[in-house]
Amino acid sequence: MRILFVSSEVFPFAKTGGLADVSASLPRALQAIGHQVNVLMPAYRGVLAAAQPLGVRLRHATEIDGHGLRLFESRLPGSRNKLWLLDCPALFDRAGNPYHNESGHDWPDNPVRFALLCRVAALLACDAFGLGWQADVLHCNDWQTGLVPLLLHEQAARPAVVFTIHNLAYQGLFPESAFHALRLPARHWHPDALEFHGQMSFIKGGIVFADRVTTVSPTYAAEIRTAAFGCGLEGLLQHRSAVLSGILNGIDTSVWNPLRDPALAQGFGATSLTEKRVNKRAIQSELGLAEDADSVLLGSIGRLAEQKGVDLIAGALPALLRGGAQFVLLGSGDSRYEQALAELSLAFPGRVALRLGYDEGLAHRIEAGADIFLMPSRFEPCGLNQMYSLRYGTLPVVHGVGGLADTVVDACEASMKDGSATGFVFHEPSAAALGECALRAITLWRENPEAWARMQVRGMRTDFSWRASARAYEDLYAAALAQLHAARCA
Ligand code: ADP
Ligand code: GLC
């Protein structure tokens, strides 16, 4: 199949979260099983320069909605996947991140910026630019691509369209005026289309009009049909149940390989676990923590957002730190949480290392050096960090929701006995429940190193590669295509 994969972030060119990792690794995995997967993303500031070593050539120049744009072609690093870069300096050549400026304020013209990405994706998939390539399947990701299914819906010759929800909490909601400014057909200003309680919703375009809707874990696919996780879209998602499914994300096992990770002080694997200690000492020294093998080192990495339960960590930590634990957090986001964590690090000097910012190498070294990884997300569509942790022998403590429930096996009596346990799961999103669960983990770490090592090995040997999930997407694409053909012939 020829697949066009559209995403607003692709690692290593632009990344604010797991979407970028998935957008880089799933296309590669699909290419590896025989498909042709071309990726489209905006050329934000610096992207064309970053792609230069891989070769960049101009494929098309045109004007859409008054915006002059150029389409460049490059490659995903280390792959045969084509990467198409949508260059429109007026909209994308800016300081800051893909969605907001340097002070964290959303770009006011985000609807225009991502509507352009959607229009270009729809045209490109149908070879409207004359590049000699037409997609069988167009795979869209998150609200930034939500208008694509709507734009293609009524077109006679079109690819099958798949829309993946990576996070339902981000819906691309804008005032009604944004809808009119985009000059979309007036009939789409309707609750059965883009209107959502008086606002324009990009994500509804994807959920309502795609041939298949997926999300990134089976548990999250079930959760979003309920009021607790559906963010107001649970009714629509129930209505779309027949085409909605969950496919668990994989991870890039070459980027996240503890045996050959250039960021680490020392490579290690399931048969050389003792070498992990070298990484613990190295990260303790790097962060200015006491180089003490007997202090349990807790780690956490991620966006400081309500989703991630940072406040639960801040609530549970004092007791754990008083009990002798050390803690490192790498993240950035909401200043409320940055403040709470900064206070904690002042209250526990030498025991808490706080690194505000984004640092890929440090993320790898924390995964390798920590003993326990805390991930108390209130909701988690999939989550990648718990899988990175499992692969690096760092046992995760997680809230049992979404992808966390699908990837971590709690160390209960039965799973310890049959050898399936890989981490620690709690079920109430509260600081007390997190604290209790982390204490359960720390106690096992201290008192039963053999059982701990067995769990580490189990986690490190679990297959989190894309192999199985790439096949699941392949089946889904084929089913969507078959249905489209059948409808056309009818
Ligand atoms: P989400 O997409 O909701 O942020 P995921 O767990 O799916 O959560 O993916 C987060 C990705 O971003 C992981 O690859 C993680 O290592 C990375 N990440 C998040 N924050 C940082 C940071 N401050 N520095 C380095 N990497 C980070
Ligand atoms: C989102 C989700 C995260 C998921 C990632 C990649 O950002 O919050 O759970 O792993 O997308 O699918």
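Turning next to the domain arrangement of the protein chain. Splitting the protein chain by domain gives domain 1 (2-250 + 467-489) and domain 2 (273-460). Its C-alpha centre places domain 1 at a distance of 32 Å from the equivalent point of domain 2. With 19 residues of domain 1 in contact, the opposing surface of domain 2 contributes 18 residues. For the pair domain 1 and domain 2, the two sides together bury roughly 1,400 Å², of which 59% comes from carbon and sulfur. On the domain 1 side of the interface with domain 2, the three residues burying the most area are Lys15, Thr219 and Leu248, jointly 24% of the side's total. Linking domain 1 with domain 2 are one salt bridge. Across the pair lysine 15 and glutamate 360 runs a salt bridge whose closest N-O atoms are separated by 3.5 Å. Here domain 1 and domain 2 share eight residue pairs in polar contact (both at pLDDT 80 or more) between them. Listed by contribution, the elements that provide at least two residues to the side of domain 1 that touches domain 2 are helix H1 (18-32) and helix H8 (218-223). Ranked by residue count, the leading element in the side of domain 1 that touches domain 2 is H8, at four residues. When grouped by side-chain class, the residues that make up the side of domain 1 that touches domain 2 number eight nonpolar, eight polar and three charged.

Let us now look at the site of ligand 2. Around ligand 2 there are 14 residues in total, and His166, Asn249, Glu380, Cys382 and Gly383 lie nearest to it. The contact in question runs from an oxygen atom of ligand 2 to an N or O atom on the side chain of asparagine 167, over 3.3 Å. At a separation of 3.0 Å, an oxygen atom of ligand 2 approaches a polar backbone atom of cysteine 382. Protein contact buries 93% of the 310 Å² of open area that ligand 2 shows by itself. It is H1 that contributes the most residues to the shell around ligand 2, three residues altogether. When its residues are assigned to classes, the shell around ligand 2 shows six nonpolar, six polar and two charged. A domain split of the shell around ligand 2 shows at least three residues from each of domain 1 (2-250 + 467-489) and domain 2 (273-460).

Procedures and definitions
Residues numbered from 1 in each chain as written. Chains lettered and ligands numbered in written order. Predicted model: local features only at pLDDT ≥ 70, side-chain atom pairs only at ≥ 80, totals over all residues. Heavy atoms only, no water. Domains from an automatic or database assignment. Contact = heavy atoms within 4.5 Å. Buried area = accessible area lost by both parts, 1.4 Å probe. Salt bridge = Lys/Arg side-chain N within 4 Å of Asp/Glu carboxyl O. Polar contact = N/O pair within 3.5 Å; in protein donor to acceptor, adjacent residues only side chain to side chain. Helix = DSSP H or I, 4+ residues; strand = E, 2+ residues; numbered from the N terminus. Nonpolar A, V, L, I, M, F, W, Y, C, P; charged D, E, K, R; others polar. Near = heavy atom within 4 Å. Areas by Shrake-Rupley, 256 points an atom, 1.4 Å probe, with all protein chains shown as cover.

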